[in-house]
Structures are given as structure tokens and as C-alpha cells.
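# Architecture at a glance
Listed here are the chains, written in short residue letters.
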Amino acid sequence: MIPLLDSVMENTEFTILLTDNDEETLQKTGEMLRSEGYQVVTARSGEECLDRAVECNPDLILLEVMLDDMNGVDTCKELKKIPLIDYSLIVFLTSQRDDFTQVIGLEAGADDFIVKPVKSSLLKSKIRSLLKRQQKHLDREGFFENEGLVINKEQYSVVKDGKNITLPRKEFELLNLLASRAGKVFTRKEIILQLWPNDHWVGDRTIDVHIRKIRARTGIHNLLTLKGVGYKFVRNVREYEETKQ
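Residues numbered from 1 in each chain as written. Predicted model: local features only at pLDDT ≥ 70, side-chain atom pairs only at ≥ 80, totals over all residues. Heavy atoms only, no water.

Tracing the backbone shows Glu 64 in the loop between strand E3 (60-63) and helix H4 (72-79). Within the structure, the side chain of Glu 64 is placed 2.9 Å from the side chain of Lys 116, a separation counted as a polar contact. Apart from the residues lying within four places of it in its own chain, the contact partners of Glu 64 are Thr 19, Asp 20, Gly 72, Phe 92, Leu 93, Thr 94, Ser 95 and Lys 116. (Helix = DSSP H or I, 4+ residues; strand = E, 2+ residues; numbered from the N terminus. Polar contact = N/O pair within 3.5 Å; in protein donor to acceptor, adjacent residues only side chain to side chain. Contact = heavy atoms within 4.5 Å.)

What follows is the structure, given as C-alpha cells:
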């Protein structure tokens, strides 16, 4: 089986969307997160947060309540309506400390509520814990299901529209890797580190061939190529195409 939790935590750069209307917070918190190895995308308003979330499909969204256009609670509610970011964690990182705001924030769908100012060490620990817990939750599911495609991680089996499909081991592992973080862009380098960590002869061409064979064997259209970057699995091709228009 693919060691999803440990290898992902060690080799994969998680994406964090940091939303705040305060430039100093964006700069200082952004620098701190980047120093921890995270890829950081920033937004300065609720509307921009929604746009960036669709573009980058973050693993974690840090969200201020007090934004200039729509408030953070309403932004959270809108984020929860976007199918492409089903697995994104939403955490309020805000100067609002009253109980009422915390309650309505959590009821809006947030996964946690952190009050600023917060020590960097505590924020780092919180983020690591949340990401690890989320990955364990995804692993415990045991299988992935989307639009007639079922991937059983325990049995190494794939079913498409009720039909059993046999995939060679590496093709299964590649499909499983991309589906396990639906919406995340995996670079070719990341894929090689995950699936061929000790094979120095594997290159971009190997991955391209495997992707082509997976598409041919399964008939799925959810494996998207980002030219010059890598690949990602999207849960809904139609909705993904609409976001690009």
C-alpha cells in the first residue's frame, strides 16, 4: 500500500490559503508558513479568497472574520458550497475573540477558531495537527468514490460504473495518489518522489505513459494535465471547466 500519511507529510508541500485584509499579517504569517515548507497563497478579501480557493484547491484556509467586502463567516459559508474544495480545512485566524463570533464561525463550517495574536510555535503546532488529523481521516475511509469510480485502497481494486478494472500496481498507485488529494496539483517531481523514490531512471515520460494507460483502461476524464507542471484529479470535470470560463 502507498504510505499516504507519512510520505505525504514529508514529501508533499501543502498549500495554505491565507486570507486577511491586514498587509502586515499577510507578510509575517505568510513568511512564517513558508519557512515551514508550506506553499502559501494570499487573499485580501472574501471574494478574492473564493477565487483563490478554486484556483489552488488549498489543504488549509486561514480566514480572518473582519474583511472589507463580505465578512469571514459569510466567506466560510460560500467556501463550503464549492465541490472542488471538499477536503479543504477552514480555520478562522482572527482578532475577534468573543464567544458569539466563535460559535457562528464554527456553525458556518469552520474546523477550528484561533484568536490573534497567537505565538508562532502554537500556530505551527495547530496547523501540523490539523493537517495530520485530516490525512488520517482520509486514510481511514479505505476507499475513494467519485462519479461511478471506486478505488479500494485495501484491496488494490478499481471499479468504474460497476465494472471491475485491473490496473498494474504502479498505475493503481498513481491513480490512488492523485485521487487521495482530489484537486491538488502534483508536480512530476512529487509523483516520482512518492512512487519511484529510489529509481533514478524514471522520468517525466514514464509518468505521462502511465497516465495515458490509466485513462485508456478506466475511461475516466478526471485526470487533468497541467502543461509544464503536472497532474491533478478533479471530482467534477464539468464544474472544473466552468470555473475556468
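Right, let's talk about the sheet that holds strand E4 (residues 89-94) for a bit. Reading across from one edge, E2-E1-E3-E4-E5 is the order of the five strands in this open sheet, with parallel pairing throughout. Either end of the sheet is taken by a strand with one partner, and the two such strands are strand E2 (39-43) and strand E5 (112-115). Taken over all neighbouring pairs, the strand axes of this sheet differ in orientation by 20° on average, direction set aside. Note that strand E1 (residues 15-19) and E3 share four bridges and pair parallel. From the neighbouring strand, Thr 19 faces E3, where its bridge partner is Leu 63. The strands that helix H2 (residues 23-35) touches are E1, E2, E3 and E4; relative to E2, the one it contacts most, it runs at about 165°. (Pairing = 2+ DSSP bridges. Axes fitted to C-alpha atoms, helices over the stretch in contact; angles between N-to-C directions.)

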